[in-house]
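# A structural walkthrough
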Amino acid sequence: MLKKYVNMFREDMRYAMSRRCGLDELNNFIMLIGFIFVVIALFTHKWVFVLIGTVFVVLCYMRVFSKKLEKRKAENDVYMRYMGNVVRFVDYIKLVINMKIRSIRDKEYIYFVCKSCKQVIRIPKGKNKVSVRCPKCSATYIKRT
Ligand SMILES: [Zn+2]
């Protein structure tokens, strides 16, 4: 019974969020800046950093719940034009680190990211040196497993 209402609420939220801006790349960045200022405030005990941090966090929430999708998209496009390469590089590094952690946890497989198309590739462990072909872009790699 409760589950039904939780699901209904979730559907409502999903519907509401689908017509709002949500967390685009620019919002992730604004959130990060806000977070950095709050951390600085914690260490320096200066209220001015709390204020700056709060401004960024509020700005982020205003963009997340904004219904003016075209304006928000235009802002994000400008951001991506200047910072796109950095954003994509950071995402790539995050993915590589995640796959490294996953490889350590998984006893049977090694996970790595194709350098040219960012596809995640999984190969079995314990096969020594193998040549691996990316299924998406067919770049080949020599991997020690
Ligand atoms: Zn590839």
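Structure first, text after, so check above.
Residues numbered from 1 in each chain as written. Predicted model: local features only at pLDDT ≥ 70, side-chain atom pairs only at ≥ 80, totals over all residues. Heavy atoms only, no water.

### Here we look at the coordination of the zinc ion
- Every protein donor of the zinc ion is accounted for by Cys 114 (SG), Cys 117 (SG), Cys 134 (SG) and Cys 137 (SG), and the metal-donor separations fall at 2.2 to 2.3 Å.
- Around the zinc ion sit 4 donor atoms; with metal-centred angles ranging over 105 to 113°, the donor geometry is tetrahedral.
- Going along the chain, you hit the donors of the zinc ion in the pattern C-x2-C-x16-C-x2-C. Here Cys 114, found in the loop between strand E1 (109–113) and strand E2 (120–124), pairs with Cys 137, found in the loop between strand E3 (129–133) and strand E4 (140–144); they are 23 residues apart in sequence, far enough to count as distant.
- Taking the relative accessible area as the measure of exposure, Cys 137 reaches 30% and is therefore partly exposed. (Donors = N, O, S within 2.8 Å, 3.2 Å for Na, K, Ca; no water. Tetrahedral: all angles 85-135°; square planar, octahedral: opposite > 155°, others 65-115°. Helix = DSSP H or I, 4+ residues; strand = E, 2+ residues; numbered from the N terminus. Buried < 20%, exposed > 50% of the residue type's maximum accessible area, 1.4 Å probe, protein only.)

### Some remarks on the layout of surface pockets
- In this model, the largest pocket occupies a volume close to 270 Å³.
- Around the largest pocket, the lining residues are Glu 25, Asn 28, Phe 29, Leu 32, Tyr 79, Met 83, Val 86, Val 87, Val 90, Asp 91 and Lys 94.
- Going through the elements one at a time, helix H2 (25–44) and helix H4 (69–105) are the ones with two or more residues in the lining of the largest pocket.
- Per-element tally for the lining of the largest pocket: the top contributor is H4, with 7 residues.
- Here the lining of the largest pocket is built from residues that sort into 7 nonpolar, 1 polar and 3 charged. (1 Å grid on protein atoms, 1.4 Å probe; cavity = no way out; pocket = protein on both sides within 12 Å on 5 of 7 lines; lining within 4 Å. Points joined across faces, edges and corners; volume = space filled by probe spheres on them. Nonpolar A, V, L, I, M, F, W, Y, C, P; charged D, E, K, R; others polar.)

### Quick look at the pairing of E2
- Covered by surrounding structure in E2 are Ile 121 and Ile 123 only, the residues Val 120, Arg 122 and Pro 124 on the alternate face being uncovered.
- Bridging between E1 and E2 involves 5 bridges; their strand directions are antiparallel. Bridge pairing in E2 places Phe 112 opposite Ile 121.
- Here E1 hands over to E2 after 6 residues, with Lys 118 in that stretch at a positive phi of 65°. (Pairing = 2+ DSSP bridges.)

### Here's the deal with the nonpolar core
- Of all hydrophobic cores here, the largest spans 9 residues; its members are Ile 110, Phe 112, Cys 114, Cys 117, Ile 121, Ile 123, Val 132, Cys 134 and Tyr 141.
- The set of elements that each furnish at least two residues to this core consists of E1 and E2.
- The contacts of Ile 121, once residues within four sequence positions are left out, are Ile 110, Tyr 111, Phe 112, Cys 114, Val 132, Cys 134 and Pro 135.
- Counting residues in hydrophobic clusters, the runner-up holds 7 residues, among them Leu 26, Ile 30, Cys 60 and Val 87. (Core = buried A, V, L, I, M, F, W, Y, C linked by side-chain atoms within 4.5 Å. Contact = heavy atoms within 4.5 Å.)

### As for the packing of aromatic side chains
- Counting across every chain of the model gives 5 aromatic pairs.
- Here the aromatic rings of Phe 37 and Phe 49 are separated by 6.1 Å at their centres, their planes lie at 25°, and the arrangement is stacked. With Phe 37 in helix H2 and Phe 49 in helix H3 (residues 47–64), the pair connects residues that are 12 residues apart, well separated along the chain.
- Among the residues examined, Phe 49 registers a relative accessible area of 23% and is labelled partly exposed.
- Considering the side-chain rings of Phe 37 and Phe 56, the 6.0 Å spacing of their centres and the 5° angle between planes classify their relative orientation as stacked. With Phe 37 in helix H2 and Phe 56 in helix H3, this residue pair connects regions lying 19 residues apart in the sequence.
- Here Phe 56 falls in the partly exposed class, since its relative accessible area comes to 26%.
- A network of ring pairs unites the aromatic residues Phe 37, Phe 49 and Phe 56 as a single cluster.
- In this arrangement the basic side chain of Arg 102 is found over the ring face of Tyr 111, its NZ or CZ atom lying 4.2 Å from the centre.
- One Lys or Arg, Arg 122, reaches over the ring of Tyr 109 and ends 3.8 Å from the middle of that ring. (Phe/Tyr/Trp six-rings, centres within 6.5 Å; stacked < 30°, edge-to-face > 60°. Lys NZ or Arg CZ within 6 Å of the ring centre and 35° of its normal.)

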